[in-house]
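Topology and contacts: notes
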Amino acid sequence: MGLLDGKRLLVTGVLTDASIAFNVAKLAQEEGAQVVLTGFGRLSLVERIAKRLPEPPPVIELDVQNDDHLDTLADRVGAHLDGLDGVVHSIGFAPQSCLGGNFLNTSWEDVATAVHVSTFSFKSLAVACLPLMKEGGAVVGLDFDATKAWPVYDWMGVAKAGLESCSRYLARDLGRHGIRVNLVAAGPLRTMAAKSIPGFKEFEDSWPEKAPLGWDLADTAPAAKACVALLSDWFPATTGEIVHVDGGVHAMGA
């Protein structure tokens, strides 16, 4: 039996096979889970990437800024699965003006987009999936440590701070439904999202040197394994938690 044997999961944010979400879906299937993916915009690309998984899963469209998509999500997922035991939130976006050292000059409109997609969507996704989680389960989101002001991360750092707070309130309100809510704060990885951050090389150059355990910028497996563990039954009394998978950098001084 696998760690997720019989579990039914919804995984968002699979855009390339270098993404954490892809590795979560792959490992989840290997551990016995049924998986449905969501995609935004380029669905054909997500469907092509999905074929690289051990068992190509269904792909449904989800724009977290589209109320109709959210309102119908449970029915559309329900066409493939008879319920959900876990949801992975791997969704984040900020306009270029929100990143790269432009913090003092970013417009509210762009900040609002970053917060809507990267923060509020965590609540939106959880609520949209709630009708399918009648037996409880786990919601896991992907985070980047928001306790510090990182170089070039700017308003996305603010959005991640909101995500961390949102996860605690969700843990409070979904606990009565038997649903655990946790985050995995991964170190920097060379994903599609990271490549869109101006000045990302600052993280690349310094992180492996600061990490007590070292850090492989190309290896999404450690973060994926943490997600799968939190989706499993091995953390039955853990909620509102942030699990750092960053080689230990978060615990070190400057």
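Predicted model only: the values in this text are computed from it and were never measured.

1. Re the overall build of the chain
The number of helices and strands found in the chain is nine helices and seven strands. Dimensions of the chain, computed from the C-alpha atoms along their principal axes, are close to 45 × 40 × 40 Å. Burial status across the chain gives 52% buried among its 254 residues. A sequence separation of at least 24 residues applies to 75% of the contacts in the chain between residues at least 6 apart. If you sum the accessible surface of the chain, you get close to 11,700 Å²; carbon and sulfur atoms cover 54% of it.

2. Focus: the packing of helix α5 (residues 108-129) against helix α6 (residues 154-174)
Think of two packed helices as two axes; the pair is described by the angle between the axes and how far apart they sit. Here α5 crosses α6 at 20°, and the two axes come no closer than 9 Å. Relative to α6, the element α5 is oriented roughly parallel. Where α5 crosses over α6, the two elements pack in a sense that is right-handed. On α6, the residues that touch Val-111, Ala-114, Ser-118, Thr-119, Phe-122, Lys-123 and Ala-126 of α5 are Trp-155, Met-156, Ala-159, Gly-162, Leu-163, Cys-166, Ser-167, Leu-170 and Leu-174. In terms of residue class, the contact of α5 with α6 is built from eleven nonpolar, four polar and one charged.

3. Regarding the sheet that holds strand β6 (residues 179-186)
Pairing in this open sheet of seven strands is parallel, and the strands run β3-β2-β1-β4-β5-β6-β7 from one edge to the other. Strand pairing shows two members of the sheet lacking a second neighbour, β3 (59-61) and β7 (241-245), which therefore form its edges. Ignoring strand direction, the axes of neighbouring strands in this sheet form an average angle of 20°. Judged from the four bridges that link them, strand β4 (residues 86-89) and strand β5 (residues 137-143) form a sheet pairing that is parallel. Looking at the pairing, Val-88 lines up with Val-140 of β5. This element, helix α2 (residues 43-50), spans β2 (34-39) and β3 of the sheet and lies at about 160° to β3. Those strands touched by helix α9 (residues 221-231) are β1 (8-11), β4, β5, β6 and β7, and its axis lies near 170° from that of β6.

4. A few points about the pattern of salt bridges
Taken as a whole and judged by the stated rule, the model has seven salt bridges. The closest approach of N and O atoms between Asp-82 and Arg-8, which form a salt bridge, is 2.7 Å. Here the residue Asp-82 occupies a position in the loop between α4 (73-78) and β4, and Arg-8 occupies one in strand β1, the gap between them amounting to 74 residues. Classification of Asp-82 by relative accessible area gives exposed; the value is 69%. Its relative accessible area of 12% is what places Arg-8 among the buried residues. In this structure, the salt-bridge partner of Glu-30 is Lys-26, at a minimum N-O distance of 2.8 Å. Taken together, the positions of Glu-30 and Lys-26, both in helix α1 (residues 20-30) and four residues apart, correspond to about one turn of that helix. Judged by relative accessible area, Lys-26 falls into the partly exposed class, the value being 31%. What emerges from the salt-bridge pattern is a single network uniting Arg-8, Asp-82 and Asp-85.

5. Quick look at the state of the cysteines
The full count for this structure, using the stated rule, is zero disulfides. Here Cys-129 stays unpaired: no disulfide links it, and the sulfur of Cys-166, its closest cysteine neighbor, is 14 Å away. Residue Cys-129 is classed as buried on the basis of its relative accessible area, which comes to 1%. You can see Cys-227 has no disulfide; the closest cysteine sulfur is in Cys-129, sitting 15 Å from it.

The rules behind these values
Residues numbered from 1 in each chain as written. Predicted model: local features only at pLDDT ≥ 70, side-chain atom pairs only at ≥ 80, totals over all residues. Heavy atoms only, no water. Helix = DSSP H or I, 4+ residues; strand = E, 2+ residues; numbered from the N terminus. Buried < 20%, exposed > 50% of the residue type's maximum accessible area, 1.4 Å probe, protein only. Contact = heavy atoms within 4.5 Å. Areas by Shrake-Rupley, 256 points an atom, 1.4 Å probe, with all protein chains shown as cover. Axes fitted to C-alpha atoms, helices over the stretch in contact; angles between N-to-C directions. Parallel < 35°, antiparallel > 145°, perpendicular 65-115°, else oblique. Left-handed = near helix turned anticlockwise from the far one by under 90°. Nonpolar A, V, L, I, M, F, W, Y, C, P; charged D, E, K, R; others polar. Pairing = 2+ DSSP bridges. Salt bridge = Lys/Arg side-chain N within 4 Å of Asp/Glu carboxyl O. Disulfide = S-S within 2.5 Å.

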